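Read off the chains here:
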Amino acid sequence: MSAAKGYAAQAAHAPLTPFNFERREVGPHDVRIEILFCGVCHSDVHQVRDEWGGSIFPMVPGHEIVGRVTEVGAHVQGFKAGDLAGVGCMVDSCQHCAECNDGLEQYCDNGFVGTYNAKGKDGQPTYGGYSNSIVVTEKFVLHVSEKLDLARVAPLLCAGITTWSPLRQWNAKQGDRVAVMGLGGLGHMAVKFAAAMGCEVTVLSTSPSKEEDAKALGAHKFVVTKDPEAMKGISNYFDLIINTVSAPMDLTPYVASLRLDGTMVLLGVPPEAPQLHAFNLIAKRRRIAGSLIGGIQETQEMLDFCAEHNVMSDVEIIRMDYINEAYERMMKSDVKYRFVLDLATI
Ligand code: NAP
Ligand code: ZN
């Protein structure tokens, strides 16, 4: 075992405070990473506050991890000390079910092992990236390009892949009308990717102040969803809606903005179920779907695309001891557009 320093919540709703713990020794297939930056996802807030139930405490959140490899096990082939590396929402899976064999580890039949708030195959709790180091089996470690700004790469490991995957799955392409609901961490990456894929991108936001930013990120249109007149202008309009909203909501007016056969993909996981009347779907053969992060190979493809096309997250770099204030600001939709922890400040 080796000593690690992190920040943890000791109980639901408790503030995050310094926490000393241990990481396992590097096994033959393991990679040890010195964490340099870690993005702050709204899923961290949901889980620290036990909004989904079943949270495990103490909890060291964080699943948007980038850093440098410091040690590798004897059988590791793809990494060596000194390499840049990334870790997202998963650190393991069964690795033998049909889904795992198809590179869809996030849908593992036996349940993937979360980077935090989970139990590893050894039965020990997993601790995430609000810490100075992590040990992960090679298969779940991503290659990160030296070309990009590392702090701005971190959010790609969750916000990036979570929006990339459904855009690819639903074949977003040149000319498609794509809406992004909620301009936060996930939403701003969805805008960048959909614009890069040639779609006509509309942001559906509750924050009128974000219009200029939305356009700078690549959106063509911006609709303030609290404005009933503006909402009328988008009825039966979109092919695809990427819904990243983190708060409970009535889906009715948004689903009504889908055209025939249009699909809304739910990414946000509010604590309470959203509302919807069946007629809204029936009237235009509309669909509602869901999507969970992305597989390891797909995550690598997304990272490689970002390195090639210079796509990165827009971030506000924060000190470790600012984390509780950052959570409060996220609850007020006040983040442009991802907080990223600088682990040198731990
Ligand atoms: P975030 O940065 O906090 O952004 C969420 C955005 O939702 C806000 O910026 C805001 O955008 C909008 N919003 C907030 N409250 C709202 C309300 N009451 N009504 C309407 N819109 C509201 O969160 P995030 O990190 O992007 O995560 C978003 C959600 O995705 C969370 O629930 C998270 O757990 C989930 N998630 C899912 C996956 C997956 O695999 N499916 C992966 C990661 C995260 P505007 O100001 O533009 O309205
Ligand atoms: Zn996340």
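Above this text is the structure in question.
Criteria and cut-off values
- Residue numbers run consecutively from 1 along every chain, following the written order of its sequence.
- The lettering of chains begins at A and the numbering of ligands begins at 1, in the order of writing.
- Note on the predicted model: pLDDT of at least 70 is required for a residue's local features to be given, and 80 or more for side-chain atom pairs to be given and counted; whole-chain, interface and lining totals, by contrast, use all residues.
- Side-chain metrics rest on all non-hydrogen atoms present in the structure, leaving aside hydrogens and water.
- Here, a salt bridge means any side-chain nitrogen of Lys or Arg that lies within 4 Å of a carboxyl oxygen of Asp or Glu.
- Each helix is a run of DSSP H or I of at least 4 residues and each strand a run of E of at least 2, with the numbering of both proceeding from the N terminus.
- Relative accessible area decides the class of each residue, using a 1.4 Å probe on protein chains only: under 20% of the type maximum gives buried, over 50% gives exposed, and in between gives partly exposed.
- By convention in this text, a residue qualifies as near a molecule or strand provided that one of its non-hydrogen atoms is within 4 Å of it.
- Polar contact is defined as a pair of N or O atoms within 3.5 Å, subject to the rule that within protein one atom must be able to donate a hydrogen and the other to accept it, and that residues adjacent in sequence are counted only when both atoms are side-chain atoms.
- For accessible areas, the Shrake-Rupley method is used with a probe of radius 1.4 Å. Any residue's cover is judged against the shown protein chains and nothing else.
- Donor atoms (N, O, S) are those found within 2.8 Å of the metal centre, with the cutoff raised to 3.2 Å for Na, K and Ca; water is not part of the atom list, so apparent gaps in a site can occur.
- Any two strands are treated as partners once DSSP identifies two or more bridges connecting them.
- Comment: axis = line fitted to C-alpha atoms, over the contacting stretch for helices; angle = value between 0 and 180 degrees taken between N-to-C directions.
- The nonpolar core is taken to be a set of buried Ala, Val, Leu, Ile, Met, Phe, Trp, Tyr and Cys residues, with the residues joined through side-chain atoms within 4.5 Å.
- Here the bounds of each domain stem from an automatic or database domain assignment.
- Contacts were defined at the residue level, with two residues in contact if any of their heavy atoms lie within 4.5 Å.

Caption draft 1: Seen up close, the pattern of salt bridges. Following the criterion strictly, the structure yields 22 salt bridges and no others. Across the pair Arg68 and Glu146 runs a salt bridge whose closest N-O atoms are separated by 3.3 Å. Of this pair, Arg68 sits in strand β4 (residues 65–72) while Glu146 is found in the loop between β9 (142–143) and α3 (150–153), placing the two residues 78 residues apart along the sequence. Classification of Arg68 as partly exposed rests on a relative accessible area of 31%. Among the charged side chains, a salt-bridge network with shared partners connects Glu25, Arg32 and Glu71.

Caption draft 2: Main features of the site of ligand 1. Neighbouring residues of ligand 1: 28 residues in total, closest His42, Ser205, Thr206, Ser207 and Arg338. At 2.7 Å from an oxygen atom of ligand 1 is found a side-chain nitrogen or oxygen belonging to Lys210. The separation between a nitrogen atom of ligand 1 and a polar main-chain atom of Leu267 is 3.0 Å. In isolation ligand 1 offers 920 Å² of accessible surface; the protein chains occlude 90% of this area. For the shell around ligand 1, the secondary-structure elements that each account for two or more residues are α1 (42–48) and α5 (185–196). No other element matches the 3 residues that α1 contributes to the shell around ligand 1.

Caption draft 3: Layout of the coordination of the zinc ion (ligand 2). Within the protein, the atoms that donate to the zinc ion (ligand 2) are Cys41 (SG), His63 (NE2) and Cys158 (SG), at distances of 2.0 to 2.2 Å. Positions of the donor residues of the zinc ion (ligand 2) along the chain correspond to the pattern C-x21-H-x94-C. Within this pair, whereas His63 is found in the loop between α1 and β4, its partner Cys158 is found in the loop between α3 and α4 (159–169), the two being separated by 95 residues in sequence. Comparing His63 with Cys158 shows no difference in burial state: the two are buried.

Caption draft 4: How the structure looks around the sheet that holds strand β15 (residues 287–290). Judged by pairing direction, the sheet is parallel, and its 6 strands sit side by side in the order β12-β11-β10-β13-β14-β15 without closing on themselves. This sheet does not close on itself; its edge strands, each paired only once, are β12 (221–224) and β15. Within this sheet the neighbouring strands show an average axis-to-axis angle of 20 degrees, counted without direction. As paired strands, strand β13 (residues 238–243) and strand β14 (residues 258–266) are joined by 5 bridges and run parallel to one another. Within the sheet, the bridge partner assigned to Leu240 lies in β14 and is Thr263.

Caption draft 5: Structural context of the nonpolar core. Core analysis: the largest hydrophobic core is formed by 96 residues, its most contacted members being Tyr130, Leu167, Phe193 and Ile323. Counting contributing residues per domain, this core is built from domain 1 (2–158 + 312–345) and domain 2 (160–290), each supplying no fewer than three. Setting aside chain neighbours within four positions, we find Phe193 in contact with Gly160, Thr163, Trp164, Leu167, Met302, Phe305, Cys306 and Val311. Counting residues in each nonpolar core, the second largest holds 16 residues, with Ile241, Met249, Leu251 and Val255 among its members.

Caption draft 6: Region of the structure containing the pairing of strand β10 (residues 177–181). β10 sits mainly inside the fold: 4 of its 5 residues count as buried. Pairing analysis gives 5 bridges linking β10 to strand β11 (residues 200–205), with the strands arranged parallel. Along β11, the bridge assignment pairs Ala179 with Thr202. Sheet analysis places β10 next to β13, joined by 4 bridges and oriented parallel. Residue pairing across strands places Val180 opposite Ile242, the latter belonging to β13.

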